[in-house]
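Summary of the model geometry
Spelled out from the first residue to the last, the chains are:
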Amino acid sequence: MRMLKKSLLTISGLLAGAAESRSGGPLLCFFIMIPLFYAADTADKNESPRRALVMSCMPFLVGYDFAKTAFMLQLYRSLDYSIPVGVLFSVIAAVGTSLILLTAQTVCLYFYNGIKKEGAVGVAVFSLLFAGSEWLCEHLGPLSFAWLGVWAQADGAEWLLMSSKLFGCRFTSFIIMMINGLLYLTIVRLKRRNFISSGKALLASAAIVSGCAVYGLQETVALKTQDDRSEGISVAAMQLDCEGSEKSEIGSRASAGQYLSMIKSLEKRQHTELIFLPETAVNTTYKSGAEQFSGIEKFCSESGCTVLTGCFYRERDGKHNSVIALTPNGISKEVYSKAHLVPFGEYVPFSWATGEDSLAASVSERKPIDIGGVEIGCGICIESTYSDIFREQARRGAELFYIPTNDSWFGNSAAREAHYMHAKIRAIENSRYTVRAGNCGISAVITPWGEELSVLSTKERGAVTAEIKPLSSKSVYTVVGDSFILLPLVLICVSASKSAAAKYRLRNQA
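This text gives an overview of the structure that appears in the document. Here the structure is a predicted model, which means the values were calculated and not measured. (Residues numbered from 1 in each chain as written. Predicted model: local features only at pLDDT ≥ 70, side-chain atom pairs only at ≥ 80, totals over all residues. Heavy atoms only, no water.)

1. Considerations on the pairing of strand 9 (residues 400–405)
The line we're drawing: Throughout this description, buried means an accessible area under 20% of the type-specific maximum (1.4 Å probe, protein chains only), exposed means over 50%, and partly exposed covers the range between. Each helix is a run of H or I in the DSSP string that is no shorter than four residues. Each strand is a run of E no shorter than two, and both are numbered from the N terminus. A strand pair is defined by DSSP finding two or more bridges across the two strands. Assignment of crossover handedness uses the view with strands pointing away from the viewer, where a clockwise path from the first strand over the helix to the second indicates a right-handed crossover.
When you tally the buried positions in strand 9, you get six out of six residues, the bulk of the element. As paired strands, strand 8 (residues 374–378) and strand 9 are joined by three bridges and run parallel to one another. The residue bridging cysteine 378 from the neighbouring strand is tyrosine 402, located in strand 9. Once you follow strand 8 into helix 13 (residues 387–395) and on to strand 9, the crossover reads as right-handed.

2. So, the sheet that holds strand 10 (residues 433–438)
Quick note on the threshold: Orientation is described by axes fitted as lines to C-alpha atoms, over the contacting stretch for helices, and by angles from 0 to 180 degrees between their N-to-C directions. In this analysis, two residues are considered to be in contact whenever any of their non-hydrogen atoms come within 4.5 Å of each other.
Spatially, the six strands line up as an open sheet ordered 7-8-9-10-11-12, and their pairing is mixed. Pairing within the sheet leaves two strands with one partner each, and these edge strands are strand 7 (369–371) and strand 12 (452–456). When strand polarity is set aside, the average angle formed by the axes of neighbouring strands in this sheet is 20°. In the sheet, strand 7 pairs with strand 8 via three bridges, with the strands oriented antiparallel. Along strand 8, the bridge assignment pairs isoleucine 369 with isoleucine 376. Packed on one face of the sheet, helix 13 meets strand 8 and strand 9 and runs near 165° to strand 8.

3. Structural notes on the nonpolar core
Generally speaking, nonpolar side chains in soluble globular proteins are found buried as a group. Filter applied, for reference: Take the buried residues of types Ala, Val, Leu, Ile, Met, Phe, Trp, Tyr and Cys, join any two whose side-chain atoms come within 4.5 Å, and each joined set is a nonpolar core.
Formed by 121 residues in total, the largest nonpolar core has its most connected members in Met33, Phe126 and Ile376. A total of 13 residues in this core trace back to one element, the largest contributor, which is helix 8 (residues 169–191). Ranked by size, the runner-up nonpolar core spans 25 residues in total, among them Leu240, Leu266, Tyr286 and Ile296.

4. A closer look at the pairing of strand 13 (residues 462–468)
What you see with strand 13 is a clean split: Gly462, Val464, Ala466 and Ile468 sit on the buried side and Ala463, Thr465 and Glu467 on the side with no burial. Taken together, the seven bridges between strand 1 (residues 233–239) and strand 13 define a ladder with antiparallel strand orientation. Within strand 13, the position partnered with isoleucine 233 by the bridge is isoleucine 468.

5. Some points on helix 8
Worth spelling out the cut-off: A helix's residues, less one, multiplied by 1.5 Å, set its expected span.
For helix 8, built from 23 residues, the straight-helix expectation of 33 Å at 1.5 Å per residue is met to within 8% by its first-to-last C-alpha distance of 33 Å. The buried fraction of helix 8 amounts to 19 of the 23 residues, a majority that puts the element mostly inside the structure.

6. Topic: the packing of aromatic side chains
What counts here: The rule is short: rings of Phe, Tyr and Trp, with Trp giving its six-membered ring, pair when the centres are within 6.5 Å, and they are stacked under 30 degrees, edge-to-face over 60, tilted in between.
Tallying each qualifying case throughout the model produces 17 aromatic pairs. With a centroid separation of 6.1 Å and an interplanar angle of 50°, the aromatic rings of tyrosine 64 and phenylalanine 130 are classed as tilted. A residue pair is termed long-range when its members are at least 10 positions apart, and tyrosine 64 in helix 3 (residues 49–69) and phenylalanine 130 in helix 5 (residues 119–138) qualify at 66 residues. Classification of phenylalanine 130 as buried rests on a relative accessible area of 1%. When the centroid spacing of 4.9 Å and the interplanar angle of 75° are considered together, the rings of tyrosine 286 and phenylalanine 293 count as edge-to-face.

Here you go:
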């Protein structure tokens, strides 16, 4: 019986993780985490409470985390190593990232049993601690792996995702977990024929859903009203139809020429004020007047258009993966350089000892690029998974976001769509239009309420165009940030204090 329970919990975890990576319909988010509450509720009461809780939840969490990191198993296809070495590296990467997620969850849930946990109070405490584990994954320094969370299960229900405007995407995860937990209470109490308590739990979950719907729709209307009063800017995001290795083979001159041809073709059809290219669209280091950039620079000077592109940029501290803006008056003085680099992809750990050539991580303050009075906040590729990067730039005046990325190494895995979800949540959290330019998809223009004005998700050469509005008003989240996470931190401190006090009493009694 125990083996059957563990097997079913593991399968439930796999389904929950898959629901985040590939949207299976937003209504699933109200039910798919219920098995985790069941696991927590049915922990063996004869064991140490904390150990029993962790061990009971482990089958679900293992399946849940593996489903979210399984895309790592395809890494070997984009590595230059031999197949056996590449496969081994991919397996290590998948297991390692799963362990990071699992460790964060275990650390937070370990403190659950030290707090009153009956009924709705227990649901709230458990939900807070789980949301805290998602935040923790973003703040582990070199080990941080800020991948998807429960909030991503609401993809398609923008009215629910709008709750992230208040305290960030982890707050949305907390709300979804609360709904799941209250529905679990409804089922359990109904099974015990406690109809009044069951009805109260059901009404509480319905009230949360209704409150989110009213708030989300109201905020969407308010943003659209503000949008109508702002002056629009015509923008375009472009992509080629070649994967990363293919782009390297055709060379930086050829890729720059292809982008320039696309830009000129677009300009014949319509005048576009801002054109956004993907990460390292021109796969070389920027030099003024260099053949790879001279054609685009000349086009900007003659057309009055500004092109923002990813490329390499050399500064005193080394070569960076950067964003530069080529304006009608030349290159902008402000350059954005990537701070979160991908291990082995962009730098080799301990390269100072091995002599390997690596990119340098930016240590300068994060600030938006000023283009003709329009402040553009940037985040390159994997940086879109880090909410702090965009919130800080929004606080410093960013009026729209630009995310250049290269998702070619994801292949056809679910990670491509999962990575794209972060662009949508960053737009909603900070109430900013967001332009995402992918090397071979997904390229899109996203509204501050999560709607796609234009999107190109397939591997094909093309451009997405739209008119967007620079916005300066700040969301609650932009102002207060992740202050919501103080709640689970307080709960952990309370639990740890109670545990220490209990041990102290036992020692004195002995």
